[in-house]
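Working through the structure, step by step
Okay, here's what each chain looks like letter by letter:
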Amino acid sequence: CGRGPGGCRGGRTDMALRCAASLAAGRQPRGPRREGTVRWSSAAKASAVKINEKASREKILTLESMNPQVKAVEYAVRGPIVLKAGEIEKELRKGIKKPFTEVIKANIGDAHAMGQRPITFLRQVVALCTYPNLLDSPSFPEDAKKRARRILQGCGGNSLGSYTASQGINCIREDVASYIERRDGGVPADPDNIYLTTGASDGISAILKILISGGGKSRTGVMIPIPQYPLYSAAISELDAIQVNYYLDEENCWALNVNELRRALNEAKAYCNPKVLCIINPGNPTGQVQNRKCIEDVIHFAWEEKLFLLADEVYQDNVYSEGCQFHSFKKILYEMGPEYYNNVELASFHSTSKGYMGECGYRGGYMEVINLHPEIKGQLVKLLSVRLCPPVSGQAAMDIVVNPPVPGEESYAQFIKEKESVLNNLAKKAKLTEDMFNKIPGVHCNPLQGAMYAFPRIFIPAKAIEEAKAHKMAPDMFYCMKLLEETGICVVPGSGFGQREGTYHFRMTILPPVEKLKILLEKVKDFHIKFLEKYA
């Protein structure tokens, strides 16, 4: 029946679509190949235009019609300055000349991307779990094989590729509970209170999701530190909750003051229902490590004001300053006695991404939630079941963090050597960064007691502030953008984390290798001095 091009309906429709495209491009449509000039009737032209109009109809999803809560989300760590860094990298690859040869991404705590070597034992166990045929290989130590077999036995079909329970593999939750008991000097931990998560972020978001309710003045208020890790403000925006800021004391090494908590709470009661208090210890981006007395005061405040406590403790292995020690909120809560321990609702979070492991890509993590109402426990499991389960390779990686080699096992010596090397190196880089920043005029950096970032305060002259306004930028964004364009160094402006009005900062990771970090800091120093001279 000749249903080819120019044949029956299919051919005519194709031709009309080609015609529509030609008309849209301002070209004369071409007909089937035959001698003579093709003449298009006005009806054919009208039909082609109509098809073209249908093809370019209004989109259903636009900035005006999208979820306004998602539009309100901001995440500075991967914000505009990081996009600009990506553009510059592309230009460098094309051979476009810059005053530098590479972009140094000091904006994010991605240890392996900065050159940190993986912990051998962790990778061995995950490799064995991923490809069980390696269990027969003499290249792998027996203690790694033992852990891999145990993890695989907890997986359906003895395969890492199977779904697990939504709360995570049972034997790994048991290992997490044992780890918490060891860490906290015997404070009991129940595996049933452990939830394996997709990094700590997934757990934090899930807990916030289940906590937030109400409308108007009864809408849930979430108290967060300023400066804060932007996950919190982003999750609060997405969930349409109320952000309640409490300010850390920069003049006192970013200490947390309960009087400031009380001020923020009392002011917030006028417009929302504050019922969540978030703590980051050690701090991100500020690096402070809270002492025991501070934690006791915070717990007492939460108990007194009936607040649900969230303790973000992902940097618990990253403590560098002499006289500083990590204390878990769970341990201090227990030691404060049954009136507190049996009543204060607490969710604590940990991750494979930080510490000495730096395994960000596995997305492994856990949360321990205590004193949760039994009915809410069921609701939480239901919520987590919607995402089926956390990545199983991430669960396996988390298991090695909480169940590492012990004295007497063949991998112990190498494991301890690698772990201590990473942490000692970070401590050295923390001190180096603090010292070098404090030698730069117009820059002040508090001691980096823990975590893996510096958050120096920078002086920005009035002339630069005016120019930033002319470019519709926050002054510290303007500063960081200039730093990127002139040196190739990518850091995050303090405005993305929150800061007291009239103060300016940036966050920079201390993860680059020592020699590269020295070069980076020298470049920042040279840039800052020139910046002050230019805008003085």
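Above this text is the structure in question.
Figured I'd write up the structure that's included with this text. Please read these numbers as outputs of a predicted model, since none were measured by experiment.

1. A few points about the environment of Glu418
Note that Glu418 resides in helix H16 (residues 412-437). Counting along the chain gives 61 residues from Glu418 to Met357, while the straight-line C-alpha distance between them is 9.7 Å. Filtering out sequence-adjacent residues up to four positions away, Glu418 remains in contact with Pro118, Ile119 and Thr120. Separated by 2.6 Å, the side chains of Glu418 and Thr120 make a polar contact.

2. Observations regarding the sheet that holds strand S10 (residues 453-454)
Strand pairing in a sheet relies on backbone hydrogen bonds. The paired strands run either parallel or antiparallel. Strand order in the open sheet formed by three strands is S10-S14-S13, with antiparallel pairing between adjacent strands. Only two strands of the sheet have a single partner each, and these edge strands are S10 and strand S13 (492-493). The pairing of S10 with strand S14 (residues 506-509) spans two bridges and is classified as antiparallel. Across the sheet, the residue bridging to Ala454 is Met508, located in S14.

3. Overview of the pattern of salt bridges
Counted according to the given criterion, the structure contains 25 salt bridges. Between Glu142 and Lys145 there is a salt bridge; the shortest N-O distance is 3.6 Å. With a gap of three residues between them, Glu142 and Lys145 both fall in helix H6 (residues 142-153), about one helical turn apart. For Asp297, the salt bridge identified is with Lys293, shortest N-O distance 2.9 Å. Pair noted here: Asp297 and Lys293 are both in helix H11 (residues 292-305), with a separation of four residues, about one helical turn. The structure contains a network of salt bridges with shared partners spanning Arg292, Glu296, Lys331 and Glu335.

4. Topic: unusual backbone geometry
Here the amide bond leading from Asn281 into Pro282 is cis, since omega sits at -10°, within 30 degrees of zero. Its location among the elements puts Pro282 in the loop between strand S5 (273-280) and H11. Phi is positive for Trp254, which is not a glycine, with a value near 60°. Along the chain, Trp254 turns up in the loop between strand S4 (242-247) and helix H10 (258-268). A positive phi angle, close to 65°, is found at Leu388, a residue other than glycine. On the basis of relative accessible area, Leu388 is assigned to the partly exposed category, the value being 42%.

5. Remarks on H10
Those residues of H10 lying buried are Val258, Glu260, Leu261, Ala264, Leu265 and Ala268. End-on, the buried residues of H10 take up no more than an arc of 155°, which puts them together on one face. Turning to H10, the residues buried within the fold contact strand S3 (220-226), S4, S5 and H11. Its side-chain oxygen at 2.7 Å from the backbone nitrogen of Asn259, Asn257 defines the N-terminal cap of H10.

6. Re helix H17 (residues 462-470)
Here H17 has its buried residues at Ala464, Ile465 and Ala468. Looking down the long axis of H17, one finds its buried residues gathered within 105° of arc, a one-sided arrangement. Summarising the geometry of H17, the exposed residues directed more than 90 degrees from the buried face are Ala462, Lys469 and Ala470. Structurally, H17 contributes buried residues whose contacts are with helix H18 (475-487) and helix H19 (514-535). Looking at the residues trailing H17, positive phi occurs at Lys472, about 55°.

7. Focus: the nonpolar core
Counting residues in hydrophobic clusters, the biggest one holds 124 residues, and the most contacted among them are Ile207 and Phe437. Per-domain counts for this core show at least three residues from each of domain 1 (68-115 + 413-535) and domain 2 (120-402). Met223, Ala268, Leu346 and Val492 belong to the second-largest nonpolar core, a separate cluster that totals 35 residues.

Conventions and cut-offs
- Think of each chain on its own: its residues are numbered from 1, step by step along the sequence as written.
- The predicted origin of the model limits local features to residues at a pLDDT of at least 70 and limits the giving and counting of side-chain atom pairs to 80 or more, whereas totals for whole chains, interfaces and linings rest on all residues.
- Excluding hydrogens and water, the side-chain values take into account all heavy atoms of the structure.
- Elements are defined by DSSP. Helices are runs of H or I of four residues or more, strands are runs of E of two residues or more, and each kind is numbered from the N terminus.
- Only heavy atoms matter for contacts: two residues are in contact if any of them lie within 4.5 Å across the pair.
- In protein, a polar contact means a hydrogen-donor-capable atom and an acceptor-capable atom, both N or O and within 3.5 Å, with residues adjacent in sequence counting only if both atoms are side-chain atoms; elsewhere, any N or O pair within 3.5 Å suffices.
- Strands are treated as partners if at least two bridges between them are detected by DSSP.
- Salt bridges are counted wherever a side-chain nitrogen of Lys or Arg sits within 4 Å of a carboxyl oxygen of Asp or Glu.
- Think of it in three bands: with a 1.4 Å probe and only protein chains considered, a residue is buried below 20% of the maximum accessible area for its type, exposed above 50%, and partly exposed in between.
- The arc in question is the one traced by the directions running from the helix axis out to the C-beta atoms.
- Nonpolar cores were defined as sets of buried Ala, Val, Leu, Ile, Met, Phe, Trp, Tyr and Cys residues, with membership established by side-chain atoms within 4.5 Å.
- Boundaries of every domain are those given by an automatic assignment or by a domain database.

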